Amino acid sequence: MRILLFTGKGGVGKSTVAAATATMAAGAGRRTLVLSTDAAHSLADAFGTEVGGEPEEVSPGLFVHQVDAQRRFEQSWADIQGYLLRVLEVAGVDPVAAEELTVIPGAEEVLALLEVRLHALSDDWDTIVVDCAPTAETLRLLALPEALGWYMTRVFPVERRVVRALKPVLSRAAGIPMPEDDVFSAVERLHAELDQVRALLTGPDTGVRLVLTPEQVVLAEARRSYTTLSLFGYRVDGVVANRVFPGNDADPWRAGWVAAQAEVLDQVADSFADVAVWHSEYRASEPVGLPALADFGQQVYGDSDPLAVPAVREPFRITRSGDGAVLRLRLPFVGRGDVDLARDGDDLVVTVASYRRLLTLPAGLARHRVAGARVDGGELQVRFAAERSED
Ligand SMILES: Nc1ncnc2c1ncn2[C@@H]1O[C@H](COP(=O)(O)OP(=O)(O)OP(=O)(O)O)[C@@H](O)[C@H]1O
Ligand SMILES: [Mg+2]
């Protein structure tokens, strides 16, 4: 099974390219599901059909699913939200306002990703195409399970024990309800599910495709996404440059755009030299509906296989050398001064711009000390040396 995630700046054509790619996959005889994690009904718009809350077959072997994140949200969140509502009630917050307060921004998108997990486990599909939200949002959310992981493994069990021990005392003293065990279980379950989603989406069967338009600001954002996605272990395996002006018999106005785009497209080729780069033309009309999407997909991918698993280097690997080791993390476009590195117990904390990843070191390395680090050719290399014995 292959999972393809499409992301990119707002309005560049993510939904269109995702829909066209899914159409190509289904056309090649693969059972294909395309789903959107977006609350807007953009996939339905691209296919020019109504899409319900369940996967709907729009052509043989091609299913479209507009995830009803609100419904998922209510199922997964019910226990946790229930507790928060009880606390807010005690604090004297108006029930309607309390309801608002327990809605977490971005939670819907995370829960939509949980839907991807269910579909991937179901064995129903050969290909799953995910139309993601615009760049920054998706990146942040995809990093969430790992960030929570730290809390879940260290703080959470302690808190749970403490709460259990103190519950009778505290409940009486402060009048604030203590979380019941089912709240803890709900959080634990949610975390385990999110962790599985992350494992799935960073696994070898999943590729991230960046959609961009040939404009400087859009390219700049795509490059940042490439770095951040790599930092978090996602495999960017392709770029689609959309809305390229055809260069034939252009009037001066269009000729100006063609030249400007050509310059950015050169930079795109340089920036993404190690992944596939596809181009798609700026059409005279919106590519809406199956025939238009099939035609669009054909033009984007030509004879290349849109689902091919390209030889993308592992985003993260460790090689042994003597009794030491080298950890390598791909970080495209990053220079020495852009990376901050810290050791925190068994974790290596890697910070690039405002993004931070906690890399839990494998047991074999946890006792090693960091002997040096460098950034070379878009790769962070951290050398570990065996700690000398204490005596
Ligand atoms: N190559 C193209 N030629 C002409 N129109 C296009 C092309 N690509 C996309 N469009 C149109 O541009 C609009 C935006 O495209 P789309 O909805 O796919 O973008 P998006 O990146 O998913 O946007 P959002 O960030 O809002 O989700 C749509 O009306 C779509 O039909
Ligand atoms: Mg969209």
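Remember, predicted model here, so these are calculated numbers, not experimental data.

Draft legend 1. Local environment of the pairing of strand 4 (residues 62–66). By the criterion of burial, strand 4 is predominantly enclosed, with four of the five residues buried. Both strand 2 (residues 32–36) and strand 4 contribute to a ladder of five bridges, which runs parallel. Counted as the bridge partner of Leu35 is His65 from strand 4. As paired strands, strand 3 (residues 56–59) and strand 4 are joined by three bridges and run antiparallel to one another. Paired with Glu57 across the two strands is Phe63, which belongs to strand 4. Hairpin connection of strand 3 to strand 4: two residues between the antiparallel strands, including Gly61 at a positive phi of 80 degrees.

Draft legend 2. Broad picture of the packing of helix 1 (residues 14–27) against helix 10 (residues 290–301). Their axes nearest at 8 Å, the elements helix 1 and helix 10 cross at an angle of 90 degrees. With respect to helix 10, the axis of helix 1 lies roughly perpendicular. Together, Thr16, Val17, Ala19, Ala20, Thr21, Thr23 and Met24 of helix 1 and Leu290, Leu293, Ala294, Phe296, Gly297, Gln298 and Tyr301 of helix 10 make up the contact between the two elements. Class assignment for the residues of the contact of helix 1 with helix 10 results in nine nonpolar, five polar and no charged.

Draft legend 3. Main features of the side chain of Lys14. Residue position: Lys14 is located in helix 1. Summary of buried charges: Lys14 has no salt-bridge partner, and the nearest side chain of opposite charge, Asp131, is 6.1 Å away. In terms of polar contacts, Lys14 uses its side chain to reach the backbone carbonyl oxygen of Lys9, at 2.9 Å. Apart from the residues lying within four places of it in its own chain, the contact partners of Lys14 are Phe6, Thr7, Gly8, Lys9, Asp131, Cys132, Ala133, Pro134 and Val211.

Draft legend 4. A look at the packing of aromatic side chains. As enumerated under the stated definition, the model contains nine aromatic pairs in all. Plain terms: the ring middles of Tyr226 and Phe333 are 5.7 Å apart, the flat faces sit at 70 degrees to each other, and that makes the pair edge-to-face. Taken together, the positions of Tyr226 in helix 8 (residues 216–231) and Phe333 in the loop between strand 10 (324–330) and strand 11 (339–344) put the pair 107 residues apart, joining distant regions of the chain. Relative accessible area serves as the criterion here: at 1%, Tyr226 is assigned to the buried category. A relative accessible area of 30% places Phe333 in the partly exposed class. Summarising the aromatic geometry, the rings of Phe272 and Phe333 are spaced 6.2 Å apart at their centres and angled 90 degrees between planes, so their arrangement reads as edge-to-face. Taken together, the positions of Phe272 in the loop between helix 9 (252–271) and strand 8 (276–281) and Phe333 in the loop between strand 10 and strand 11 put the pair 61 residues apart, joining distant regions of the chain. It is Arg243 that lies over the ring of Tyr282; its NZ or CZ is 5.4 Å from the centre. Lying across the ring of Phe316, Arg357 places its NZ or CZ 5.8 Å from the centre.

Draft legend 5. Just the nonpolar core, in detail. Core analysis: the biggest nonpolar cluster contains 83 residues, and Leu212 and Phe272 have the highest contact counts within it. Among the elements that line this core, the one with the most residues is helix 1, at eight residues.

Draft legend 6. Examining the site of ligand 1 more closely. In the neighbourhood of ligand 1, 18 residues make up the surrounding shell, with Gly11, Lys14, Thr16, Arg243 and Glu286 lying closest. The backbone of Gly13 places a nitrogen or oxygen atom 2.9 Å from an oxygen atom of ligand 1. Within the contact set of ligand 1, a nitrogen atom lies 2.9 Å away from a backbone nitrogen or oxygen of Arg283. Considered on its own, ligand 1 offers 630 Å² of accessible surface; in the complex 80% of this is hidden by protein. Looking at which element gives the most residues to the shell around ligand 1, the answer is helix 1, with three residues. Each residue belonging to the shell around ligand 1 can be placed in one class, and the counts come to five nonpolar, seven polar and six charged.

What counts and what doesn't
Residues numbered from 1 in each chain as written. Chains lettered and ligands numbered in written order. Predicted model: local features only at pLDDT ≥ 70, side-chain atom pairs only at ≥ 80, totals over all residues. Heavy atoms only, no water. Buried < 20%, exposed > 50% of the residue type's maximum accessible area, 1.4 Å probe, protein only. Helix = DSSP H or I, 4+ residues; strand = E, 2+ residues; numbered from the N terminus. Pairing = 2+ DSSP bridges. Axes fitted to C-alpha atoms, helices over the stretch in contact; angles between N-to-C directions. Parallel < 35°, antiparallel > 145°, perpendicular 65-115°, else oblique. Contact = heavy atoms within 4.5 Å. Nonpolar A, V, L, I, M, F, W, Y, C, P; charged D, E, K, R; others polar. Lys, Arg positive; Asp, Glu negative; His and termini not counted. Salt bridge = Lys/Arg side-chain N within 4 Å of Asp/Glu carboxyl O. Polar contact = N/O pair within 3.5 Å; in protein donor to acceptor, adjacent residues only side chain to side chain. Phe/Tyr/Trp six-rings, centres within 6.5 Å; stacked < 30°, edge-to-face > 60°. Lys NZ or Arg CZ within 6 Å of the ring centre and 35° of its normal. Core = buried A, V, L, I, M, F, W, Y, C linked by side-chain atoms within 4.5 Å. Near = heavy atom within 4 Å. Areas by Shrake-Rupley, 256 points an atom, 1.4 Å probe, with all protein chains shown as cover.

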